[in-house]
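# Survey of secondary and tertiary structure
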Amino acid sequence: MFRTALRNVLAHKARLLMTVLAVMLGVAFVSGTLVFTDTLGNAFRKQSAKSYDDVAVAVETYAGGRDEKTPGIDDATLEKIRGLDGVASATGRVNGFAGVADPNGKLIGNGWSNTGANFAPGKDGKDASYDFTDGSGPAENGSVALDKDTASKGEYRVGDPVRVATNGPVKEYTLSGIFTTEDGAVNAGGSLVLFDTATAQKLYLKPGVFQNATVTAAGGVSDQKLLDAVTPLLPKDATAQTGKALADQQAKEIETGMAGLNGMLLAFAGIALFVGIFLIANTFTMLIAQRTRELALMRAIGASRRQIKRSVLLEAAVVGTIASVIGFALGLGLATGLRSAMGLLGGKIPAGPLVVSPTAVLSAFAVGILITVFAAWLPARRAAKIAPVAAMSSVHAAASTKSLVVRNSIGGVIALLGAAGIVGGAAVGGTSGRQLVAGGAFFALIGVIILIPLLSRPVIALVRPLLKKLFGVSGKLASQNAVRNPRRTGATASALAIGLTLVTGISVLGVTLGQAIDKMTTDNIKADYMVSMASGDALDQSALNALAKADGVAALSPQQAAWFEVDGEYQSASGVTPGDVEKVFSLTTVSGSLGSLKDGQVAVGNKTAKSNGWKTGDTLPVKFDDETKGELTVGAVYEENEFLSTFLIPKEMADEHNAAARPDIREIWIKADGGATKANEQSIVDALGDNPAMSVMDRQDIRDMFGGFINTALNIMYGLLAMALLIAVLGVVNTLAMSVFERQQEIGMLRAIGLDQGRVKRMIRLEAVVISVFGAVIGVGLGVFLGWAIGQTLSAEIPGYALVIPWDRLGIFLLLAGLVGVLASLWPARSAAKLNMLTAIKTE
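Please read these numbers as outputs of a predicted model, since none were measured by experiment.

Here is what the cut-offs are and how they apply
- Residues numbered from 1 in each chain as written.
- Predicted model: local features only at pLDDT ≥ 70, side-chain atom pairs only at ≥ 80, totals over all residues.
- Heavy atoms only, no water.
- Axes fitted to C-alpha atoms, helices over the stretch in contact; angles between N-to-C directions.
- Helix = DSSP H or I, 4+ residues; strand = E, 2+ residues; numbered from the N terminus.
- Left-handed = near helix turned anticlockwise from the far one by under 90°.
- Contact = heavy atoms within 4.5 Å.
- Nonpolar A, V, L, I, M, F, W, Y, C, P; charged D, E, K, R; others polar.
- Pairing = 2+ DSSP bridges.
- Expected span 1.5 Å × (residues − 1).
- Polar contact = N/O pair within 3.5 Å; in protein donor to acceptor, adjacent residues only side chain to side chain.
- Patch = residues over 30% accessible without salt bridge, like charges linked within 9 Å, V, L, I, M, F, W, Y side chains within 5 Å.
- Areas by Shrake-Rupley, 256 points an atom, 1.4 Å probe, with all protein chains shown as cover.
- Salt bridge = Lys/Arg side-chain N within 4 Å of Asp/Glu carboxyl O.
- Lys, Arg positive; Asp, Glu negative; His and termini not counted.
- Charge placed at Lys NZ, Arg CZ, Asp CG, Glu CD.
- Buried < 20%, exposed > 50% of the residue type's maximum accessible area, 1.4 Å probe, protein only.

## Some remarks on the packing of helix H23 (residues 757–794) against helix H25 (residues 826–833)
Orientation of H23 relative to H25, taken along the N-to-C sense of each, is 145°, at an axis distance of 8 Å. Between H23 and H25 lies a crossing whose hand is right-handed. Along its contact with H23, which presents Gln757, Val760, Lys761, Ile764 and Arg765, the element H25 presents Pro828, Ala829, Arg830, Ala832 and Ala833. Its residues assigned to classes, the contact of H23 with H25 comprises six nonpolar, one polar and three charged.

In structure tokens, the structure reads:
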């Protein structure tokens, strides 16, 4: 039977081509994902381990410019560590945000990974963490060194002036050197600026204090022994561990991060393979139908049902193995391509070989072979049921009424269960509701897939008169052919339906969320501009002072973060400018007056006030962030604004009780005379000293910032689902090609009675369009239903949520489905039109 299976594969290799392609693409996705994430994880683990090669003990604190309670490591402590027996060296480190401007004055890097640190040379004048390719490290105040990539992007050379922004005003330094580094921030597309130690401490902490320290051991001294000696010398908030332990910890964190990426990519690979199951099952079903006499003859000469079934499954295993080999090779290419693409997008991956683990190989082949065999199981079962004599006179065995009734009944029950789960999840809402929706979506999708053959006849019947009217005989024949074998049509349409269900659901949800966020921005903001740090850090007080003097500024207010306790419960507050806050934000007063902020009173959001039973005039006992106690009077209750905290307090009060070294100003909001104009924007930029680390956004920029996250996520989803849709297209091509093969005699007869080549091609094309659009309609309908349900579970968490159906996108999806049908039919239609009439008529 193995020889028979192999012979059948070779005999039908053209008809199995699409199956090979479908499995090959799925395996390529799986293997490419596994190899890529293994390679990425291995490269970062090696980089992490390399950075701690010479580190015996690593000391970390959480000291920072805003944290007065965590003291850091002072010079005296560092000297004590250096004096311990077995210590070869101890180096203090301090770091924070530092941004560098490119030749156009724009920030180099992405903000969050732009870093500044101290250059800590040893006795030889070198810092082991950096290799200088030009010049040397900064030895005095007024000089800096840049990583090689940043220097290249900024077109800087040693000796050039460099404008560097930290959390304060921009300062100009002289470039003393250019270096290479394995620093993670640089590899993430950011920049690294090195200052001399005294300057870095002044910028990020305070003179004579470090955030972290690394200790190297003298020869023969164990890391653990050194750790035991160093720990008693450290401040209470510091943590110390061996370099190996820290490297292992980072390796675990990298592994966790890679697992998340791996899981997401494999989920989409699973969707592609799930879609491929329909193509594979359709292929083997049609092959078995076309080989009914052959299989019956094998039964007649002694082959058992088990042998017939095993023969078909062996064919599937051979096809799966071939596809897996090709797919795995493509997967290696995909992994290499993804790595290169990350480099082009600005991500710098550490050097290292492509990692092909046994798990990746075994997983790829197991997936390819098992999916193919699983998809061929039902066709193999049907093949085994062919009777030796009854099948000898019939090429096609029609499904029995009983089997169709059972199938439709099961499908109906499953679909109803799924729909109930989706509706129930939408009603429950929250995380629990989303879990119910996810479970319901799975069952609803399975139910609809089972019912698609039943749905095909009435749905396609609706367009039959239109096809007949527009395309005549070709349109009539196409609509009839599309429902001649409902199971085949259903399986082909199902593949498209699955892909478009996901694409439509994501689109509905994305557009709805985007509009809700857009409305939130429009309804809550009156300001023309928002100023913030590109790094997400706090703005310096000097920025607020400078903007207060800028031309064209009509009103401005900071959003300064503050905290205090009320009745033992922490409450967040926004320090704002009384009199100006209502000019830059849309604030509706429920009771009292926001003017009371000028008198040192506070405003409370209505939801918080209601839940705590507070009202205008109430006095609240509070404990401020600086540990002082006092009382606050509620001067107003307002409808909460999404851009502000629950409590609004005067900025002077926030400053008075600020426990940190400087105020935590998250944004500055500006209302300009004449609105958002180029002149006003330039005035703001000039007032800020043309600081590349500060972003100035108008209202449209703010809307784009929030909407950009959603659009980026949608585009990533579309890209990942493209593989599933491509496999669905192959399914349409496959079905039409094999349908043309088994209908050769019929097509020959149509040609003989006057149907010319053009109308034959049109018939096949229209059949493809009908099947594709039918699948698309099912997918779009189910996708809108799922998008609505998931949106309902989020509605309580998103102010102003309202369902938005993107009719334009849905129309494009349906048009693309029709185009897919036309493109998929090109080869089958051409083959059908080229059939020789006499040869085709003689075909059995």
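## Some thoughts on the sheet that holds strand S1 (residues 57–60)
Neighbouring strands of a sheet are bound in pairs by backbone hydrogen bonds; such pairs are parallel or else antiparallel. Read across the open sheet, the four strands follow the order S3-S13-S1-S14; overall the sheet is antiparallel. On the outer flanks of this sheet lie strand S3 (87–93) and strand S14 (239–242), each paired with one strand and no other. Taking the axes of each pair of neighbouring strands and ignoring which way they run, one obtains an average angle of 15° across the sheet. Running over the sheet, helix H3 (residues 75–82) touches S3 and strand S13 (212–217) and is turned about 160° from S3.

## Some words on H23
With 38 residues, H23 extends 55 Å between its outermost C-alpha atoms, agreeing within 8% with the 56 Å of an ideal straight helix rising 1.5 Å per residue. Among the residues of H23, the N-terminal cap falls to aspartate 756, whose side-chain oxygen and the backbone nitrogen of glycine 758 are separated by 3.3 Å.

## Let's talk about a positive patch on the surface
Where like charges cluster on the molecular surface, the positive patch consists of Arg305, Arg381, Arg382 and Lys385. With respect to the helices and strands, the residue lysine 385 is situated in the loop between helix H11 (358–384) and helix H12 (401–428). Given a relative accessible area of 49%, lysine 385 falls into the partly exposed group.

## Describing the pairing of strand S20 (residues 619–624)
Where burial is concerned, the two faces of S20 differ: the one with Leu620, Val622 and Phe624 is buried and the one with Thr619, Pro621 and Lys623 is not. As defined by bridge partners, strand S16 (residues 553–566) adjoins S20 across three bridges and the pair is classed as antiparallel. Counted as the bridge partner of glutamate 565 is lysine 623 from S20. Pairing between S20 and strand S21 (residues 629–638): five bridges, direction antiparallel. Residue pairing in the sheet places threonine 619 in a bridge with threonine 633 of S21.

## So, the pattern of salt bridges
Tallied over the full model, the rule gives 13 salt bridges. The closest approach of N and O atoms between arginine 82 and glutamate 79, which form a salt bridge, is 2.5 Å. Within this pair, arginine 82 and its partner glutamate 79 are both found in helix H3, separated by three residues, close to a single helical turn. With a relative accessible area of 36%, arginine 82 lands in the partly exposed category. Residue glutamate 79 is classed as partly exposed on the basis of its relative accessible area, which comes to 47%. Residues lysine 244 and aspartate 248 are paired through a salt bridge, measuring 3.0 Å at the closest nitrogen-oxygen approach. Highlighted residues: lysine 244 and aspartate 248, both in helix H8 (residues 243–290), separated by four residues, approximately one helical turn. Among the residues examined, aspartate 248 registers a relative accessible area of 36% and is labelled partly exposed.

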